[in-house]
Number of protein chains: 2
Amino acid sequence: MAAKRRAQMVEETRAKLIRAAREAFSSKGYSASSMDDLTAAVGLTRGALYHNFGDKKGLLQAVIDQIDGEMLERMRIAQEHAANPWEGLLQESVAYIEMALEPEIQRIMLLDGPAVLGDPSQWPNQTACLRRTESIVRELIDDGTLKPVDAEAAARLLNGAALNAALWIAAADDPRAVLKKAVDAFLELATGLRR
Amino acid sequence: MAAKRRAQMVEETRAKLIRAAREAFSSKGYSASSMDDLTAAVGLTRGALYHNFGDKKGLLQAVIDQIDGEMLERMRIAQEHAANPWEGLLQESVAYIEMALEPEIQRIMLLDGPAVLGDPSQWPNQTACLRRTESIVRELIDDGTLKPVDAEAAARLLNGAALNAALWIAAADDPRAVLKKAVDAFLELATGLRR
DNA sequence: GGTGCTAAGATACGCCTCGTATGTAAACGG
DNA sequence: CCGTTTACATACGAGGCGTATCTTAGCACC
């Protein structure tokens, strides 16, 4: 029972630390999170942390990678449920807005992440999110649905608009009402790309 | 000569500290900037800082207020030089993109600011920037140029798209080429709001 | 099965930074 | 001219990060 495989033990401690970090980073923010407290919360010390992740930034990076994977998956699902590619693009953006409403994603992915690790477009997975959108845009340009704009530029702008909408909504008194306004305006705006 | 008025002396030290902070924050980032070094660089100590700004965040807030004022002014100028309100709206957004290319604005206003002080829409001046855009949008809706969308939502989305475009451009290998792509796509996207 | 080796994690240390509490000297008001 | 307030400096304590060292437990190989 106590005789677990080594690799498995390591994976467990890494998972424990990442879980604790998600909790601490999203509630207190990155810089206010003490690594001493964080590790102690799961029965470890900073030794384990520095051994596994190198430094505090390394832990944040690991957390971001994990959340990024989850976001990508949710966007994929949203797009798959749409009737056609154009709807898929819109649904994906709406999903993005909704995710950005969650405090954890907002704090870690949208606020602390970029500030600590630099521009988000450098992150491999964030790029993956974007590449999804971009490839759909390209597809829609090819089949004549969209104007022949630069696909990457269009994807960036759409994501940017969605992201800012999300930050706005999250800070609003009545998120529901604001969400509706934002989505409505977003759908209108997006038609600017249609041929 | 040395007999200056007190208020003037205070204004000078505040200006010195803000100038040093703009330099330090934009080059090293907020958290990596030591208040000891920063104050020593202009011949003061942390005493002056904590007396004038309360704490490190207070200094950042002062820096942000100053930069915000400059940004607002530049957007105002860009919009005034346009032939008509619709062009004014576009020019203002382009000016925003161009400003966001500057490392100082990017680092302080777009990365560290939101992370340290919270959502930008809480900042009084950032709201002022937005209010400008919003009032123009409202005007254009009233005169029938734009679709009857929610003015604030539209303003947010436009600013968000512009902001993300700027971050993209800044990280690009060939900023000039990318700037052109982004502006082109932005102008197309914005037409989605036209009636 | 025993043994040398490697790696995971704990413990201990020093450095830096922030915020505050206290001190001091100069400017203001009467 | 003098008490008071204000602006800033100095001194102090508390964390927090990163690293260097130490211990223990698993693994490979004989």
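Bear in mind the structure is a predicted one, so any value in this text is a computation, not a measurement.

Asks: An account of the relation of the copies chain B and chain A is requested, with residue identities and associated values reported.
Replies: When chain B is fitted onto chain A, the two copies agree to an RMSD of 0.1 Å after a turn of 180° and an axial shift of 0.1 Å. Taken together, the turn and the small shift mark the pair as related by a two-fold rotation axis. Within chain B, B:G192 has its C-alpha nearest the rotation axis, a separation of 1.6 Å. When you check the interface residues of chain B against chain A, 100% turn up at the interface there too, and the contact is symmetric in its surfaces.

Asks: Tell me about the protein's contact with DNA strand C, and please be specific about residues and values.
Replies: Close contacts around DNA strand C come from 20 residues, with A:T13, A:T45, A:H51, B:R46 and B:Y50 the closest. Between DNA strand C and B:S33, the relevant distance is 3.1 Å, taken from a phosphate oxygen to a main-chain nitrogen or oxygen of the residue. For the surface near DNA strand C, the secondary structure elements donating two or more residues are α1 (6-28) and α3 (46-53) of chain A together with α3 (46-53) of chain B. Broken down by element, the residue count for the surface near DNA strand C peaks at five residues, all from α3(A). Of the residues belonging to the surface near DNA strand C, the class tally is five nonpolar, eight polar and seven charged.

Asks: Report on the domain arrangement of chain A, specifying residues and quantitative values.
Replies: Residues and elements named next belong to chain A. According to the domain assignment, chain A contains domain 1 (1-54) and domain 2 (64-193). One C-alpha centre belongs to domain 1, the other to domain 2; they are set 30 Å apart. Each side of the interface is counted separately: domain 1 has six residues, and domain 2 has eight residues. When domain 1 packs against domain 2, close to 680 Å² is buried across both sides, 54% of that on carbon and sulfur atoms. In terms of surface lost to domain 2, no three residues of domain 1 exceed R22, S26 and Y30, which account for 74% of the buried area on that side. Connecting domain 1 to domain 2 are two salt bridges. Put simply, domain 1 and domain 2 have four residue pairs in polar contact (both at pLDDT 80 or more) between them.

Definitions and limits used
- Numbering of residues starts from 1 in each chain and follows the order in which that chain's sequence is written.
- Working convention: letters from A go to chains and numbers from 1 go to ligands, in the order in which they are written.
- Totals for whole chains, interfaces and linings use every residue, but because this is a predicted model, local features are given only for residues with pLDDT of at least 70 and side-chain atom pairs only at 80 or more, for both listing and counting.
- Only hydrogens and water are set aside when side-chain values are computed; all heavy atoms of the structure are taken into account.
- To superpose the copies, least squares is applied to the C-alpha atoms of every residue with a pLDDT of at least 70 in both.
- Between two residues, a contact is recorded if the distance between any of their heavy atoms is within 4.5 Å.
- We call a residue near a given molecule or strand whenever any one of its heavy atoms falls within 4 Å of it.
- Contacts described as polar in this section are N or O atom pairs within 3.5 Å, which, within protein, must combine one atom able to donate a hydrogen with one able to accept it, while residues neighboring in sequence count only if both atoms come from side chains.
- A run of H or I in DSSP counts as a helix once it spans at least four residues, and a run of E counts as a strand once it spans at least two, with each numbered from the N terminus.
- In this classification, the charged set is Asp, Glu, Lys and Arg, the nonpolar set is Ala, Val, Leu, Ile, Met, Phe, Trp, Tyr, Cys and Pro, and all remaining amino acids, among them Gly, are polar.
- Residue ranges for the domains originate in an automatic or database domain assignment.
- Values labelled buried area give the accessible surface lost by two parts on being combined, using a 1.4 Å probe and summing over both.
- By convention in these notes, a salt bridge is any Lys or Arg side-chain nitrogen within 4 Å of a carboxyl oxygen on Asp or Glu.

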